[in-house]
Amino acid sequence: MRILVPIDGTAASRRAVRFATSLASAGADVHVILLNVQNRGTLGLSELGAEEPPDEARQAQRASDKVLGAAAALCREAAVSYETMAETGPAADTIARVARDQGVDQIVMGTRGLNSLTGLLLGSVTTRTVHLADVPVTLIK
């Protein structure tokens, strides 16, 4: 079973990694794909001004490396087969695209609690991913 686990460094995403690796200890043949998606918002950069700062790609890679390293350690501890991927772009769209491109069987992702007003105005990566995904999405609180 190929499982995509989008991670952002939060406790919820670490719980999602642990859930995915627990499937292997339950006897499933599991390969985990750890995905970190960076964009101007996650990097704390303004969307104003179309030019990309020269170090934006390096900044995104450094941020991804940090998050992916911690999640990879959880997979190694559980002795689960895994790979890491770093992408840039809108989070939910990128997660759904990678799931299709990698032929995953399932997406396992953590939820982060937006307050109801923020969720209503901005939507959430989780909600959008559920709508865009072609495979089952398991949400971990």
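Residues numbered from 1 in each chain as written. Predicted model: local features only at pLDDT ≥ 70, side-chain atom pairs only at ≥ 80, totals over all residues. Heavy atoms only, no water.

1. Points about the environment of A72
When you line up the elements, A72 lands in helix 2 (residues 56-77). Residues A72 and T84, 12 residues apart in the sequence, show an inter-C-alpha distance of 7.5 Å. (Helix = DSSP H or I, 4+ residues; strand = E, 2+ residues; numbered from the N terminus.)

2. A word on the pattern of salt bridges
Using the criterion set out here, one finds 4 salt bridges in the structure. The closest approach of N and O atoms between R97 and E87, which form a salt bridge, is 2.9 Å. Of this pair, R97 sits in helix 3 (residues 91-102) while E87 sits in strand 3 (residues 81-88); the two residues are 10 residues apart in sequence, bridging distant segments of the chain. The residue R128 makes a salt bridge to D93 at a minimum N-O spacing of 2.9 Å. (Salt bridge = Lys/Arg side-chain N within 4 Å of Asp/Glu carboxyl O.)

3. Things to note about unusual backbone geometry
Backbone geometry at A79 places phi at a positive 55°, although glycine is not the residue there. When you line up the elements, A79 lands in the loop between helix 2 and strand 3. Of the residues examined, A79 reaches a relative accessible area of 70% and is grouped as exposed. (Buried < 20%, exposed > 50% of the residue type's maximum accessible area, 1.4 Å probe, protein only.)

4. A word on the packing of helix 1 (residues 11-25) against helix 2
One way to put it is that helix 1 packs onto helix 2 with a least axis distance of 10 Å and a crossing angle of 25°. The angle between the axes of helix 1 and helix 2 places the two elements in the roughly parallel class. Handedness of the crossing formed by helix 1 with helix 2: right-handed. Counting all contacts with helix 1, which are made through R14, V17, R18 and T21, the residues of helix 2 involved are A71, L74 and C75. Class assignment of the residues belonging to the contact of helix 1 with helix 2 gives a composition of 4 nonpolar, 1 polar and 2 charged. (Axes fitted to C-alpha atoms, helices over the stretch in contact; angles between N-to-C directions. Parallel < 35°, antiparallel > 145°, perpendicular 65-115°, else oblique. Left-handed = near helix turned anticlockwise from the far one by under 90°. Contact = heavy atoms within 4.5 Å. Nonpolar A, V, L, I, M, F, W, Y, C, P; charged D, E, K, R; others polar.)

5. Some remarks on the pairing of strand 2 (residues 31-38)
Most of strand 2 sits inside the fold, with 8 of its 8 residues counted as buried. Of the two faces of strand 2, the one carrying H31, I33, L35 and V37 and the one carrying V32, L34, N36 and Q38 are both buried. Sheet topology places strand 1 (residues 2-6) next to strand 2; 5 bridges connect them, and they run parallel. Among the inter-strand pairings, R2 is bridged to a residue of strand 2, identified as H31. Since strand 1 and strand 2 lie parallel, the crossover through helix 1 that links them has a hand, and here it is right-handed. (Pairing = 2+ DSSP bridges. Right-handed = clockwise from strand over helix to strand, strands pointing away.)

6. Some points on the confidence of the model for the protein
Scored by pLDDT, the protein has a mean of 86; 82% of the residues are at 70 or more. Put simply, helix 4 (residues 116-122) is where the protein has its lowest mean pLDDT, 51, and strand 1 is where it has its highest, 98. (pLDDT = per-residue confidence, 0-100.)

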